[in-house]
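Observations on chain architecture
For reference, the chains in residue letters:
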Amino acid sequence: MTQPDRTLRWPAPTRRDFLAATGLTAAAAAAPRHAAAAQSAGFAFEITRTDDEWRAMLTQDEFRILRRGGTELPGSSELWTETRPGDYCCKGCDLLLYRGAWREPVDKGWVFFRHSEENAVLTGIDGPVAEYGMDPYTDLTMIEAHCRRCGSHLGHILLVDGIVLHCINGTSLAFTPL
Ligand SMILES: [Zn+2]
């Protein structure tokens, strides 16, 4: 199995810093591993583009986050304080992923939802990654959220104060107010 290119993942902060700084806890790693396996085994997304095509339509930061699994700095997306009702679609393919009514007001700097639109988000297992100093025996794996249609990285599914929430990069979303 080909290992994914992680050279651009988690440049700063690292995942360890990310969790420590936010007080967030990685959700129990009981998520279906077959989702990640399906992607690496050639799962066919409805929308596929070459890296050059993605780079042509995304900013450098969007490419790093959507296509390389990066994370935006907390508070860097204007969407984290968005409170209007509306639709949140994938920046990579416009698939409707989340609705404003499902947002959870968590003061951590990212966009939190209680759940996604049905059949819109795929999960996979992310880390721990040894090259970023994570210990495979003590650091929890994380559940990664991807767009079902184009595979773009959205964020993670985490336990926040005992509630399982989708912690999403605003950079990965296009918001349309109602
Ligand atoms: Zn998408």
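It should be noted that the structure appears before, not after, this text.
The structure reproduced in this document is the subject of the present report. Everything numeric in this text was worked out from a predicted model, so none of it was measured. For every chain, the first residue of its written sequence is number 1, and the numbers climb from 1 along that sequence. Side-chain atom pairs in this predicted model are given and counted only at pLDDT of 80 or more, local residue features only at pLDDT of at least 70, and totals for whole chains, interfaces and linings cover all residues. Just so you know, side-chain values use all the structure's heavy atoms and leave hydrogens and water out.

1. What about the coordination of the zinc ion?
By definition of the ideal shapes, a tetrahedral metal site with four donors has angles of 109.5 degrees and an octahedral site with six donors has angles of 90 or 180 degrees. Within the first shell, the zinc ion binds the protein through Cys90 (SG), Cys93 (SG), Cys147 (SG) and Cys150 (SG), at distances of 2.3 to 2.4 Å. Taken together, the four donor atoms coordinating the zinc ion span angles of 100 to 115 degrees at the metal, a pattern that classifies the geometry as tetrahedral. Nitrogen, oxygen and sulfur within 2.8 Å of a metal are treated as its donors, or within 3.2 Å for sodium, potassium and calcium (Na, K, Ca); water is not counted, so a site can appear incomplete. Sequence positions of the residues that donate to the zinc ion give the spacing C-x2-C-x53-C-x2-C. With Cys90 in strand E2 (residues 86-90) and Cys150 in the loop between strand E6 (142-147) and strand E7 (153-160), this pair connects stretches of sequence that are 60 residues apart. Note on accessibility: Cys90 and Cys150 belong to one class, buried. Under this scheme a four-donor centre is tetrahedral when all angles range from 85 to 135 degrees, a four-donor centre is square planar and a six-donor centre octahedral when opposite donors are above 155 degrees with the rest from 65 to 115, and any other centre is irregular. Helix numbers and strand numbers start at the N terminus; a helix is a DSSP run of H or I with at least 4 residues, a strand a run of E with at least 2. Throughout, exposure labels follow a simple rule: accessible area from a 1.4 Å probe, protein chains only, divided by the maximum for the residue type, with under 20% read as buried, over 50% as exposed, and the rest as partly exposed.

2. Digging into the side chain of Asn169
You can see Asn169 is positioned in the loop between strand E8 (163-168) and strand E9 (173-177). Among the polar contacts listed, one links the side chain of Asn169 to the backbone nitrogen of Glu72, at a separation of 2.9 Å. In protein, a polar contact requires one atom able to donate a hydrogen and another able to accept it; more generally it is a pair of N or O atoms within 3.5 Å, and residues adjacent in sequence count only if both atoms are side-chain atoms.

3. As for the nonpolar core
We define a nonpolar core as any set of buried Ala, Val, Leu, Ile, Met, Phe, Trp, Tyr and Cys residues linked to one another through side-chain atoms lying within 4.5 Å. If you look at the biggest cluster of nonpolar residues, it comprises 26 residues, and the most contacted ones within it are Leu97, Tyr98, Phe113, Cys147, Leu154 and Leu173. Taken together, the elements giving at least two residues each to this core come down to helix H4 (60-68), E2, strand E3 (96-99), strand E4 (111-113), E6, E7 and E9. Whether two residues are in contact is decided by their heavy atoms, any of which lying within 4.5 Å being enough. Not counting residues up to four positions away in its chain, the partners in contact with Leu173 are Leu79, Tyr88, Cys89, Lys91, Leu97, Tyr98, Val111, Phe113 and Ile168. Among the nonpolar cores identified, the runner-up in size contains eight residues, and Met142, Val160, Leu165 and Cys167 belong to it.

4. As for the pairing of E2
Most of E2 sits inside the fold, with four of its five residues counted as buried. The pairing of E2 with E9 spans five bridges and is antiparallel. Bridge pairing in E9 links Tyr88 to Phe175. Only strands that DSSP links by at least two bridges are regarded as paired with each other. By the bridge criterion, three bridges tie E2 to E3 in an arrangement that is antiparallel. Looking at E3, one finds that Asp87 is bridged to Arg99. Where E2 folds back on E3, the antiparallel hairpin that results is connected by five residues, among which Asp94 adopts a positive phi of roughly 70 degrees.

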